[in-house]
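Given next are the chains, with one letter for each unit.
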Amino acid sequence: MHSFREYLSEAKSVGGIAHLEHPADRLFDGPEATKHSVETLKGVVSGKTPVTRKIDDKMSFQAIRTPEGKVGVKYKGSGSTYNFSAKDIEAQHGHKPYLTAPLHAVLKHVGKVLPEKHGEYQGGFMSTPETRKEEGGHISHTPNTVEYHTPVNSAEGQKLKKSKVSLAVHTKLEGPERSPSPITSMAGFKSHPDVHQVQHVVSGKEREIHPDDKKVINSHINKAEDLLKDHSHNHLSGHETTLRTYINSTVRNDERPSTEGYRNHLAAAHDKKIEGVKMEATKEAKRAEKSAALSHVDKNKKAFDKTFEIHHHIQQATNHLADALDKSSANGGGFQTRIGGEASGGEGYVANGLSNSGTYYLHLLKANGTATGSITSNGTLTTYAVSSDYRLKE
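Sequence order sets the numbering: in each chain, residues are counted from 1 along the sequence as written. Per-residue local features are limited, in this predicted model, to residues with pLDDT of at least 70; the limit for side-chain atom pairs, both in listing and counting, is 80 or more; totals at the level of whole chains, interfaces and linings are taken over all residues. The basis for the side-chain values is all heavy atoms of the structure; hydrogens and waters are excluded.

**Details of the sheet that holds strand E9 (residues 147-151)**
The sheet built from five strands is open, its strands ordered E7-E8-E9-E14-E15 with antiparallel pairing. The sheet terminates laterally at strand E7 (133-135) and strand E15 (342-343), the two strands that pair on one side only. Between any two strands, at least two bridges found by DSSP are needed for them to pair. Put simply, DSSP marks the helices as runs of H or I at least four residues long and the strands as runs of E at least two long, and each gets a number from the N terminus on. Alignment of E9 against strand E14 (residues 336-339), held across three bridges, turns out to be antiparallel. When the bridges of E14 are listed, Glu147 appears paired with Arg338. The contact criterion used is simple: two residues touch if any of their non-hydrogen atoms lie within 4.5 Å. Here an axis means a line fitted to C-alpha atoms, over the contact stretch when the element is a helix, while the angle between two N-to-C directions is reported on a 0 to 180 degree scale. Contacts from helix H4 (residues 155-162) reach E7, strand E8 (138-141) and E9, with the element oriented near 55° to E8.

Take a look at the structure:
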């Protein structure tokens, strides 16, 4: 079985989920952000916090039912507008057939299951009949990296086989800023044989974590909370982005984050900035910035050491929690999952309801030793990449 790393993350976006951030990394944003992450972990462990599955879809879309009852769909990418007819889709995306085909299918069928009242939603397109496989008594589809399979004669298998489109409508967009709120109950949604709706909500039974797993998770949470009691975040100011890119690099390289490793990463990041300019005066200014940044780390080594120790325990708690949910919700949503033909865990989980400032996510970072998302920075712009989105293919 493949080893999965999944992290509890917070969505920080307006008008849909833009990128996911790991809870341990919220430590870099100050005490309140750290508290929200830790409390969310505790809420999931206790079973009090609703949890949904993160689905490895083929394309993210948004759908709306207007106050007048019209249904429109659009690609989630920036700059896209709602399409209310096949003609609209062709006019906006006709040069991109990999977008038009899913959008046509979603527009034709999603209105059959959306609530009748006005609302706006975000979801993932999974498949249409021609992209599914039937073999060995199983039916499956592989929208992106994860293959979802189930016996063809099972209730879920029959729903998928008979449907004309498979979708996961997982988020509602609310208010003038279209803030994302995970859908934790399908009340109001309708059933229709043409639409296979992925069961993304994790039931209360599936959220019952084994006592042995709870013991390990709570041990890491307790250690993090003990270390946080007299911990200052002042030394982290100005390092929020480089700390995140460093943490991301350690995940790719399977290294444990440390002050020494961060110092080396920071030096390399500044060297790139120096190499990226031509004027000697500018180079000298950037060398001074590098010297000041490294000096700051050296002067605050004990504080950085403690930061990485706290980060380690929050991260370990999250890893064990995600693994525990994989075990307690095996065959979740009526499907088993594989990558490259080998059994695997799912793509992750979403936990909702503990922070007024955001929604927290359990999110897959690694599968089969390969990062499925990335954080990169050129010193000015920070880019967050998530695999289950066509933007990485453009």
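**As for the packing of helix H1 (residues 31-46) against helix H5 (residues 211-228)**
Viewed as axis vectors pointing N to C, H1 and H5 meet at an angle of 160°, and their least axial separation amounts to 11 Å. With respect to H5, the axis of H1 lies roughly antiparallel. Viewed along their axes, H1 and H5 form a crossing whose handedness is left-handed. Judged by residue contacts, Thr34, Val38, Glu39, Leu41, Lys42 and Val45 of H1 engage Lys214, Ile217, Asn218, Ile221, Glu225 and Leu228 from H5. Oblique is the label for every angle not falling under 35 degrees (roughly parallel), over 145 degrees (roughly antiparallel), or within 65 to 115 degrees (roughly perpendicular). Note on convention: near helix rotated counterclockwise from far helix by under a right angle means a left-handed crossing. Clockwise means right-handed.

**Notes on the pairing of E9**
Burial status follows relative accessibility: with a 1.4 Å probe on protein chains alone, a residue under 20% of its type maximum counts as buried, one over 50% as exposed, and anything between as partly exposed. Counted residue by residue, E9 has four buried out of five residues, so it is predominantly covered. Note: E8 against E9, four bridges, orientation antiparallel. Each bridged residue has a counterpart across the sheet, and for Ser140 the counterpart in E9 is His149. Once E8 ends, the chain turns through five residues before running back antiparallel as E9.

**Notes on the packing of aromatic side chains**
Classification of ring pairs rests on two measures: the distance between centres of Phe, Tyr or Trp rings, Trp counted by its six-membered ring, which must be within 6.5 Å, and the angle between planes, read as stacked under 30 degrees, edge-to-face over 60 and tilted in between. What the rule picks out here adds up to seven aromatic pairs. Between the aromatic rings of Tyr262 and Phe304, the centroid separation amounts to 5.9 Å while the plane-to-plane angle is 25°, which identifies the pairing as stacked. One end of the pair, Tyr262, is in helix H7 (residues 259-275); the other, Phe304, is in helix H9 (residues 301-328), with 42 residues separating them in the sequence. Per residue, the accessibility class of Tyr262 equals that of Phe304, and both read buried. One aromatic cluster in this structure is built from Tyr246, Tyr262, Phe304 and Phe308. Taking NZ or CZ as reference, Lys70 lies 4.7 Å from the ring centre of Phe84, over its face. Two conditions define a charge located above a ring, namely a distance within 6 Å from the ring centre to NZ of Lys or CZ of Arg, and an angle within 35 degrees of the ring normal. The lysine or arginine in question, Lys74, covers the ring of Tyr82, its NZ or CZ lying 5.8 Å from the ring centre.

Note that every value here comes from positions in space, so none of it alone points to a role or purpose.
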